[in-house]
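# A look at the structure
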Amino acid sequence: MMEIANRLTKLRELMEKHQLHAYIVPSSDPHLSEYVAEHYKSRQWISGFTGSAGTAVITLKDAGLWTDGRYYIQAEKQLQNTGITLFRGADPKTPSYTQWLKDKLPEGSTIAFDGRVFSAREVKKMQVEFDKKNIKVQLELDLIGELWTDRPPVPAEKVFVHELKYAGLSRKEKLQQLREKIQEKDANVHLLSVLDDLAWLLNIRGNDVPHNPVTIAHLLITQETCYLCIDKGKISPEMKSELIEDGIQIKDYQEIETLLQELQPEDRILLDPSQVNARLYYKINPQTTIIEDKNPTLLLKAVKNSVELENMKKVNIYDGVAMVKFTKWLKENVGKEEITELTAEDTLEKFRRQHEECVDISFDTISAYKDHAAMMHYK
C-alpha cells in the first residue's frame, strides 16, 4: 500500500512540473484492447488494482478508480489504504470520472493523459464535456512511462501462420472482401488497429497478450496495397516472403504515423473512432477526408465459413473430453489427496494440453471454491 502511495506522490510531483491538475490512466493499450501485455498495465502499476477493466484518475489532492461489477470486491481489497477511492461504475448514483473532474477542478484547469490509450471518440466526447468549464486537454504525455523505471518491454513474440485448414479463406480472399466493403463506404483507405480483426484478416497469430493469440501491429489498407506496421523482428524470412507475395508491405510499427501523415487530400479514409487511438486519429493529414463507421471486419469475421464452423464443433468436443476427464479425476480424488484451487486449475489445463492441437487456454482459469466463487473474475 505504501508503494502505491509513493507512486502517487511522484506522479503528482510530475504533474506539478507540467502544470497539470489531473491525470487519467485507463486500462487499454494503443489498440484499445481489454486484455493487454504487461508493458501496457499502467493503470495496474499506479493503482495496485489488477482487474482487466478500470480507469484511474489522479488530481493533485484526490484519486479515484472506476470499475464495473465484476471487480467491486477485488478492487475494494486492493485499493485499501492506498489513498484511491473506489467508484462503482454500475451504480446509478456514481458520477462518471469526467463529471467528477468537472466538479473537482476549477475553471481553466489542465487535464492530461497518453492519447495512445484513449479512443478518438472518447477524447472528442471528453473535450466537449471539459470545454463547458474551459478545462484544457493534453494527450501527448505518458507520465507513467517516465516513472515506471522497471517497466516490462513491449512484447516481441514471433508471429505464426493460421493455416488455411483452420481459416477456410486465404488472406487474399479476405482482403478482397474487405476492399469491396471499403468501396461501398465511398472510401479508398482503411485504418485497422483492432488486434483480433487484424489477426483474422491476415491469417496470422501471435503471443503478445497472454491467452489472446494476437500480435501488436497496425494495418493501413488501400485498394492496391496493405501496409503491416509491426516490429519486423517478429516476422520470419519465410513468412515475410509469403506476406509480400500476397501484396502486403511490412513497415516498422511506428511508421503508421508517417503513413497517415502522407495521405493525400483526395484520399478518403475509413475508420472506427471508437477503435482507433486518439494519437493516430490526429496524425491523419488534416486535408484527408475521414469517414467514421464500424470496421467492416467486425461483421466479416462474425460470419463463419464452413471450415470455421466444423472446427468450432471439433474444438468444443476436444474441450468437453478434457472437462469429463477433469470431473472424473476430481470425483475420484476428493478426500484422498489435498486439492486446492491451484492444483485443480493445473490438472484441468494438463488434460486440455493432452490434445495435440491445443495451443493455449483462452483466459486465466477461474478456479474458485466456496466464497471465492462469488467473485466473478476470481484468480
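For the structure itself, consult the block above.
What comes next is a walk through the structure. Predicted, not measured: the structure shown is a model, and the values here were computed from it. (Residues numbered from 1 in each chain as written. Predicted model: local features only at pLDDT ≥ 70, side-chain atom pairs only at ≥ 80, totals over all residues. Heavy atoms only, no water.)

## A short note on the overall build of the protein
- Each helix and strand in the protein was counted, giving 15 helices and 14 strands.
- Compactness check: the protein gives a C-alpha radius of gyration of 23 Å against a globular reference of 21 Å for 379 residues, within 12% of the reference.
- In terms of overall dimensions, the protein has C-alpha extents of about 65 × 60 × 40 Å along its principal axes.
- Taken across its 379 residues, the protein has 47% of its residues classed as buried.
- Partitioning the contacts of the protein with sequence separation of at least 6, the portion at a separation of at least 24 is 65%.
- Counting only carbon and sulfur atoms, one obtains 51% of the accessible surface of the protein, whose full area is about 19,700 Å². (Helix = DSSP H or I, 4+ residues; strand = E, 2+ residues; numbered from the N terminus. Rg over C-alpha atoms; globule rule 2.2 N^0.38 Å. Buried < 20%, exposed > 50% of the residue type's maximum accessible area, 1.4 Å probe, protein only. Contact = heavy atoms within 4.5 Å. Areas by Shrake-Rupley, 256 points an atom, 1.4 Å probe, with all protein chains shown as cover.)

## A few points about the side chain of Lys174
- As for its position among the elements, Lys174 is in helix 8 (residues 171-184).
- Buried charged residue Lys174 carries no salt bridge. Nearest counter-charge: Glu308, at 5.1 Å.
- For Lys174, the side chain forms a polar contact with the main-chain oxygen of Trp200, separated by 2.8 Å.
- Setting aside chain neighbours within four positions, we find Lys174 in contact with Ala167, Leu169, Trp200, Leu201 and Asn203. (Lys, Arg positive; Asp, Glu negative; His and termini not counted. Salt bridge = Lys/Arg side-chain N within 4 Å of Asp/Glu carboxyl O. Polar contact = N/O pair within 3.5 Å; in protein donor to acceptor, adjacent residues only side chain to side chain.)

## Focus: the packing of aromatic side chains
- According to the stated counting rule, one finds nine aromatic pairs in the structure shown.
- A ring pair is formed by Trp66 and Tyr97, whose centres lie 6.1 Å apart and whose planes are at 70°; its orientation type is edge-to-face. Of this pair, Trp66 sits in strand 3 (residues 63-67) while Tyr97 sits in helix 4 (residues 97-104); the two residues are 31 residues apart in sequence, bridging distant segments of the chain. The burial state of Trp66 is the same as that of Tyr97; both residues are buried.
- Measuring from ring centre to ring centre gives 5.2 Å for Tyr281 and Tyr282, while their planes differ by 80°; the resulting arrangement is edge-to-face.
- For Tyr281, a relative accessible area of 10% puts it in the buried group.
- One aromatic cluster is present, built from ring pairs that chain together Trp66, Phe87, Tyr97 and Trp100.
- In this arrangement the basic side chain of Arg88 is found over the ring face of Tyr72, its NZ or CZ atom lying 5.5 Å from the centre.
- Directly above the aromatic system of Phe351 lies the positively charged group of Lys350, at a separation of 5.0 Å from the ring centroid. (Phe/Tyr/Trp six-rings, centres within 6.5 Å; stacked < 30°, edge-to-face > 60°. Lys NZ or Arg CZ within 6 Å of the ring centre and 35° of its normal.)

## Notes on the layout of surface pockets
- Taken as a whole, the second largest pocket spans an internal volume of roughly 770 Å³.
- Forming the walls of the second largest pocket are 31 residues, and the residues nearest its centre are Tyr35, Thr50, Gly51, Ser52 and Asp364.
- Contributing elements (two or more residues each) for the lining of the second largest pocket: helix 2 (42-47) and helix 3 (72-78).
- Tallied by class, residues from the lining of the second largest pocket come to eleven nonpolar, 13 polar and seven charged. (1 Å grid on protein atoms, 1.4 Å probe; cavity = no way out; pocket = protein on both sides within 12 Å on 5 of 7 lines; lining within 4 Å. Points joined across faces, edges and corners; volume = space filled by probe spheres on them. Nonpolar A, V, L, I, M, F, W, Y, C, P; charged D, E, K, R; others polar.)

## Description of helix 5 (residues 120-131)
- Over its twelve residues, helix 5 extends 16 Å from the first C-alpha to the last, a length consistent with the 16 Å expected when each residue adds 1.5 Å.
- Those residues of helix 5 that sit buried are Ala120, Val123, Met126 and Phe130. One face of helix 5 carries all of its buried residues, which in axial projection span an arc of 125°. More than 90 degrees from the buried face of helix 5, the exposed residues found are Lys125 and Val128.
- The elements touched by buried residues of helix 5 are strand 1 (22-25), helix 4, strand 5 (110-112), strand 6 (136-138) and helix 12 (278-281). (Expected span 1.5 Å × (residues − 1). Arc of directions from axis to C-beta.)

## Comments concerning the pairing of strand 12 (residues 248-251)
- By the alternation rule, side chains of strand 12 split into Ile248 and Ile250, which are all buried, and Gln249 and Lys251, of which none is buried.
- Bridge analysis of strand 11 (residues 226-230) against strand 12 gives four bridges, and the strand direction is parallel. Note that in strand 12 the partner of Cys226 across the bridge is Ile248.
- Considered for its hand, the β-α-β crossover made up of strand 11, helix 10 (residues 237-245) and strand 12 is right-handed. (Pairing = 2+ DSSP bridges. Right-handed = clockwise from strand over helix to strand, strands pointing away.)

## Observations regarding the pattern of salt bridges
- Evaluation of the coordinates by the stated rule reveals 28 salt bridges.
- Of the charged contacts, one joins Arg151 and Asp142 as a salt bridge, the two residues approaching to 3.4 Å between their closest N and O atoms. For the residue pair Arg151 and Asp142, the accessibility class agrees, reading buried in each case.
- In this structure, Arg353 engages Glu349 in a salt bridge whose closest nitrogen and oxygen atoms are separated by 2.8 Å. In this pair, Arg353 and Glu349 are both assigned in helix 15 (residues 341-353), four residues apart and thus about one turn of the helix distant.
- Three or more residues joined by partner-sharing salt bridges are found here, namely Asp114, Arg116, Asp142 and Arg151.

## Quick notes on the packing of helix 14 (residues 306-333) against helix 15
- Where helix 14 contacts helix 15, the axes come no closer than 8 Å and their chain directions differ by 140°. Regarding the angle of helix 14 to helix 15, the classification is oblique. Crossing of helix 14 against helix 15: the hand is right-handed. Only Thr343, Ala344, Thr347, Leu348, Phe351 and Arg352 of helix 15 make contact with helix 14, whose side of the interface consists of Asp319, Ala322, Met323, Lys325, Phe326 and Trp329.
- Its residues assigned to classes, the contact of helix 14 with helix 15 shows seven nonpolar, two polar and three charged. (Axes fitted to C-alpha atoms, helices over the stretch in contact; angles between N-to-C directions. Parallel < 35°, antiparallel > 145°, perpendicular 65-115°, else oblique. Left-handed = near helix turned anticlockwise from the far one by under 90°.)

## With respect to the sheet that holds strand 4 (residues 85-88)
- If you trace the six strands from one edge of the open sheet to the other, you get 4-3-2-1-5-6, paired in mixed fashion. For this open sheet the edge positions go to strand 4 and strand 6, each flanked by a neighbour on one side alone. Ignoring strand direction, the axes of neighbouring strands in this sheet form an average angle of 20°.
- Pairing between strand 5 and strand 6: three bridges, direction parallel.

That's the geometry; what it means functionally is another story.
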